Amino acid sequence: MKYTTEITIDLQREEFIKILDNPDNMQHWMRGLLGYNMISGEPGQEGSTMNMKFKRGKGEMEMVETILKRNMPEEFHATYDTKGVHNIQRNYFKEENGKTRWISESEFLFSGFGMKLIGFLMPGAFKKQSMKYAQDFKNFAEKGISVTNS
């Protein structure tokens, strides 16, 4: 499953990147994030891996982020792996009239019957979640509104 989401943030790209690139800010726009820890490599750099733990409903989910490409301020690509799901994210950041357009190309590969079925039956849920993260980032970056307050 592949799709693209786009959102415009009312900040110059340099300021946008500062906020996005600070891992301490993730809790403010990644709804459900309980914590993260580095597994290997230099934080934020190509080849580094980080474990992320999220609250999902009544349970918890862990995923591993692997940074594939870091060419700031233009692009950032990573994979996110959790049980039954391999997600490839290609993010592009365009400066436009003092604002930043964030274009995110998502590709999900599913393994196991259950995850394949969910991916087939509910593709809209994945795109909706991606847009929710982007909107939450926009609210935090522009207005200082954190998801930890909701």
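For the structure given in this document, a descriptive report is provided here. Everything quoted here is computed from the prediction, not taken from an experiment.

About the thresholds
Each residue is numbered by its place in its chain's sequence as written, counting from 1. With the structure being a predicted model, the display of local features is reserved for residues of pLDDT at least 70 and the display and counting of side-chain atom pairs for 80 or more, all residues being used for whole-chain, interface and lining totals. To obtain the side-chain values, all non-hydrogen atoms of the structure were used and water was disregarded. A run of DSSP states H or I qualifies as a helix once it reaches four residues; a run of E qualifies as a strand once it reaches two. Both are numbered from the N-terminal end. For two strands to be treated as a pair, DSSP must find at least two bridges joining them. Here a cavity denotes a set of grid points, spaced 1 Å apart and computed over the protein atoms alone, in which a 1.4 Å probe fits but from which it cannot get out, and a pocket denotes an open set meeting protein on both sides within 12 Å along at least five of seven lines; residues with an atom within 4 Å of a point are reported as lining. Grid points are joined across faces, edges and corners, and a volume is the space filled by probe spheres set on the points. All amino acids are sorted into three groups, where Ala, Val, Leu, Ile, Met, Phe, Trp, Tyr, Cys and Pro are nonpolar, Asp, Glu, Lys and Arg are charged, and the leftover types, Gly among them, are polar. With axes taken as lines fitted to C-alpha atoms, and helix axes fitted only over the stretch in contact, angles between N-to-C directions fall between 0 and 180 degrees. For classification purposes, angles smaller than 35 degrees are called roughly parallel, those larger than 145 roughly antiparallel, those between 65 and 115 roughly perpendicular, and all remaining angles oblique. Should the near helix be turned anticlockwise from the far one by less than a right angle, the crossing is left-handed, and should it be turned clockwise, the crossing is right-handed. Whether two residues touch is decided by their heavy atoms; if any such pair falls within 4.5 Å, the residues are in contact. Nonpolar side chains (Val, Leu, Ile, Met, Phe, Trp, Tyr) within 5 Å and like charges within 9 Å form the patches, drawn only from residues with over 30% relative accessible area and no salt bridge. Residue burial considers only the protein chains on display, and all accessible areas are found by Shrake-Rupley using a 1.4 Å probe. Salt bridges are identified by distance alone: a Lys or Arg side-chain nitrogen within 4 Å of an Asp or Glu carboxyl oxygen. As used here, the term nonpolar core means buried Ala, Val, Leu, Ile, Met, Phe, Trp, Tyr and Cys residues forming a set that is joined through side-chain atoms within 4.5 Å. Note on exposure labels: buried denotes an accessible area under 20% of the residue type's maximum, exposed denotes more than 50%, and partly exposed covers the range between, all computed with a 1.4 Å probe on protein chains only.

## Description of the environment of Lys-132
Secondary-structure assignment places Lys-132 in helix H4 (residues 123-143). Along the backbone, Lys-132 and Met-122 are ten residues apart, and their C-alpha atoms lie at a distance of 16 Å.

## Observations regarding the pairing of strand E6 (residues 85-96)
Here eight bridges tie strand E5 (residues 75-82) to E6, and the two strands are oriented antiparallel to one another. Each bridged residue has a counterpart across the sheet, and for His-77 the counterpart in E6 is Arg-90. Between the antiparallel neighbours E5 and E6 lie two residues, among them Gly-84 with a positive phi of about 80°. Bridging between E6 and strand E7 (residues 99-110) involves twelve bridges; their strand directions are antiparallel. By the bridge assignment for E7, Glu-96 is matched with Lys-99. What sits between E6 and E7 in their antiparallel hairpin is a turn of two residues, with Asn-97 showing a positive phi close to 55°.

## A look at the layout of surface pockets
Taken as a whole, the largest pocket spans an internal volume of roughly 1,200 Å³. Taken together, 49 residues form the lining of the largest pocket, with Met-30, Met-63, Tyr-80, Asn-87 and Tyr-133 sitting closest to its centre. Among the elements that line the lining of the largest pocket, the one with the most residues is H4, at six residues. Classifying every residue of the lining of the largest pocket by side-chain character gives 30 nonpolar, twelve polar and seven charged.

## Observations concerning the pairing of strand E3 (residues 49-56)
By the bridge criterion, six bridges tie strand E2 (residues 33-40) to E3 in an arrangement that is antiparallel. If you follow Met-38 over to E3, its bridge partner there is Met-50. Bridging between E3 and strand E4 (residues 59-71) involves eight bridges; their strand directions are antiparallel. Counted as the bridge partner of Met-52 is Met-63 from E4.

## Re the packing of helix H1 (residues 13-20) against H4
Taken N-terminus to C-terminus, the directions of H1 and H4 make an angle of 115°; their axes are 11 Å apart at the nearest point. Accordingly, the angle class assigned to the pair H1 and H4 is roughly perpendicular. The way H1 lies across H4 gives a crossing that is right-handed. For the pair formed by H1 and H4, the contact residues are Phe-16, Ile-19 and Leu-20 on the first element and Phe-137, Phe-140 and Ala-141 on the second. Grouping the constituent residues of the contact of H1 with H4 by class yields six nonpolar, no polar and no charged.

## Examining a nonpolar patch on the surface
On the surface, Phe-113, Leu-117, Ile-118, Phe-120, Leu-121 and Met-122 cluster together into a nonpolar patch covering about 680 Å² of accessible area. Mapped onto the elements, Leu-117 comes out in helix H3 (residues 113-121).

## Structural notes on the nonpolar core
Of all hydrophobic cores here, the largest spans 26 residues; its most connected members are Phe-16, Met-30, Met-52, Trp-102 and Phe-137. At the level of secondary structure, the elements contributing two or more residues to this core comprise strand E1 (2-9), H1, helix H2 (26-29), E3, E4, E5 and H4. A total of five residues in this core trace back to one element, the largest contributor, which is H4. Beyond its immediate stretch of four places on either side in the chain, Trp-102 contacts Thr-5, Glu-6, Ile-7, Phe-16, Leu-20, Trp-29, Asn-91, Tyr-92, Phe-93, Ala-134 and Phe-137. Membership of the second largest hydrophobic core comes to five residues, among which are Tyr-3, Val-85, Phe-108 and Phe-126.

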